[in-house]
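The lines below spell out each chain.
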Amino acid sequence: KAGVTQTPRYLIKTRGQQVTLSCSPISGHRSVSWYQQTPGQGLQFLFEYFSETQRNKGNFPGRFSGRQFSNSRSEMNVSTLELGDSALYLCASSPIGNYEQYFGPGTRLTVT
Amino acid sequence: DQQVKQNSPSLSVQEGRISILNCDYTNSMFDYFLWYKKYPAEGPTFLISISSIKDKNEDGRFTVFLNKSAKHLSLHIVPSQPGDSAVYFCAASDPNSGYALNFGKGTSLLVTP
């Protein structure tokens, strides 16, 4: 099976812009979660989607949003980018009933 | 607040010896624990997990021990190999939070020849 794929891999944006990141889960996995990794905070949970519904949300401002499509692919959007949003954004997918999450390579976002 | 803590940012071990990575947690609702390994420029890779109903789980060179009363878990790698050099993350799941994982900040393991 192909692993979790994320596009783009690298992105440079300017403060105030918005960005959309994409994630394709492993075939058959219906749960998709997003995480932000920064040097100071480690990996922090953003949100989780299952069957096109957001099931859980981490402690991030409303500028961070996401959605999931009927084929389980997911996107996350960050509006009004701030310098502190520079991070590695990781997507992970899980099969039903399994806590083990399988991560993609991440999207490295740099905000200047 | 950080509910999963890895208090050792780094660890250096000689090839062939045992590596012990530690993790503490504060949330007594956590019922499933996982270890991930991460190389630079890659996403974390799942290594091994343990349910709160067990106190030990073994997979090849990797063993995870769970001490619920102390809210502590550890990952043992025996024997350590240079290819094990990576950042190791401990993660925990609370059944009330679906599939959300709470991660520690990681321990960078260096295995020297």
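Further up the page is the structure itself.
Residues numbered from 1 in each chain as written. Chains lettered and ligands numbered in written order. Predicted model: local features only at pLDDT ≥ 70, side-chain atom pairs only at ≥ 80, totals over all residues. Heavy atoms only, no water.

Explain the pairing of strand β7 (residues 62-67) of chain B here, please?
For a regular strand, side chains alternate in direction, first toward one face of the sheet and then toward the other. Residue and element names in this part refer to chain B. One ladder, built from four bridges, connects strand β6 (residues 56-59) with β7; its direction is antiparallel. Bridged to D59 within β7 is F62. In the sheet, β7 pairs with strand β8 (residues 72-77) via six bridges, with the strands oriented antiparallel. Among the inter-strand pairings, L66 is bridged to a residue of β8, identified as L73. Hairpin remark: β7 followed by β8, antiparallel, with four residues in the connecting loop; positive phi at K71, about 55°. (Pairing = 2+ DSSP bridges. Helix = DSSP H or I, 4+ residues; strand = E, 2+ residues; numbered from the N terminus.)

Please clarify how the state of the cysteines should be interpreted in this entry.
Under the counting rule described, the total for this entry stands at two disulfides over all chains. Disulfide partner of A:C23: A:C91, at an S-S distance of 1.8 Å. Its torsion about the S-S bond being -60°, the disulfide of A:C23 and A:C91 is classed as left-handed. Placement of A:C23 in strand β3 (residues 19-24) and of A:C91 in strand β9 (residues 87-94) is noted, with a sequence separation of 68 residues between them. Per residue, the accessibility class of A:C23 equals that of A:C91, and both read buried. A sulfur-sulfur distance of 2.0 Å marks the disulfide that ties B:C23 to B:C90. On the S-S bond that ties B:C23 to B:C90, the torsion sits near -70°, and the link is left-handed. Linking B:C23 in strand β3 (residues 19-25) with B:C90 in strand β9 (residues 86-93), this pair joins segments that are 67 residues apart in sequence. For B:C23, a relative accessible area of 1% translates into the label buried. B:C90 gets classed as buried once you look at its relative accessible area, which sits at 0%. (Disulfide = S-S within 2.5 Å. Buried < 20%, exposed > 50% of the residue type's maximum accessible area, 1.4 Å probe, protein only.)

Would you take a moment to explain the pattern of salt bridges for this structure?
Two side chains bearing opposite charge may form a pair once their charged atoms approach each other closely. Overall, the coordinates contain seven salt bridges over all chains when judged by the stated rule. Within this structure, A:R63, A:E82 and A:D85 form a network of salt bridges that share partners. (Salt bridge = Lys/Arg side-chain N within 4 Å of Asp/Glu carboxyl O.)

I tried to follow the interface of chain A and chain B on my own but got confused; where do I start?
Interface extent is often summarised as the accessible area lost during association of the parts. Chain A puts 25 residues into the contact, and the matching count from chain B is 22 residues. Roughly 1,800 Å² is buried in total at the junction of chain A and chain B, and carbon and sulfur atoms are behind 58% of that figure. For the chain A face of the interface with chain B, the top three residues by lost area are A:L43, A:Y99 and A:E100, together amounting to 36%. Taken together, chain A and chain B are joined by six residue pairs in polar contact (both at pLDDT 80 or more). Looking at the side of chain A that touches chain B, the elements that each hand over two or more residues are β4 (31-38), β5 (42-50), β6 (53-57) and β9 of chain A. (Contact = heavy atoms within 4.5 Å. Buried area = accessible area lost by both parts, 1.4 Å probe. Polar contact = N/O pair within 3.5 Å; in protein donor to acceptor, adjacent residues only side chain to side chain.)

Got a minute to help me understand the environment of A:K13 in this structure?
All names here are of chain A. Inspection of the secondary structure assignment puts K13 in strand β2 (residues 10-13). With 99 residues separating them in the primary sequence, K13 and T112 have C-alpha atoms 6.3 Å apart. Those residues in contact with K13 that sit more than four places away from it in its chain are Q18, V19, L81, L109, T110, V111 and T112.

Just checking my understanding: could you explain unusual backbone geometry for this structure?
Most peptide bonds adopt trans geometry, and most residues besides glycine take a negative phi value. A:T7 connects to A:P8 through a cis peptide bond whose omega is -10°. With respect to the element layout, A:P8 can be found in the loop between β1 (5-7) and β2. Backbone torsion omega between B:V78 and B:P79 reads -10°, so that peptide bond is classified as cis. A positive phi angle is found at A:E52, which is not glycine, with a value near 70°. Within the secondary structure, A:E52 sits in the loop between β5 and β6. On the accessibility criterion, A:E52 (48% relative accessible area) is partly exposed. Positioned with a positive phi, A:S72 is a non-glycine residue whose angle comes to about 75°. As for its placement among the helices and strands, A:S72 is situated in the loop between β7 (64-68) and β8 (74-78). The class of A:S72 is buried, set by a relative accessible area of 12%.

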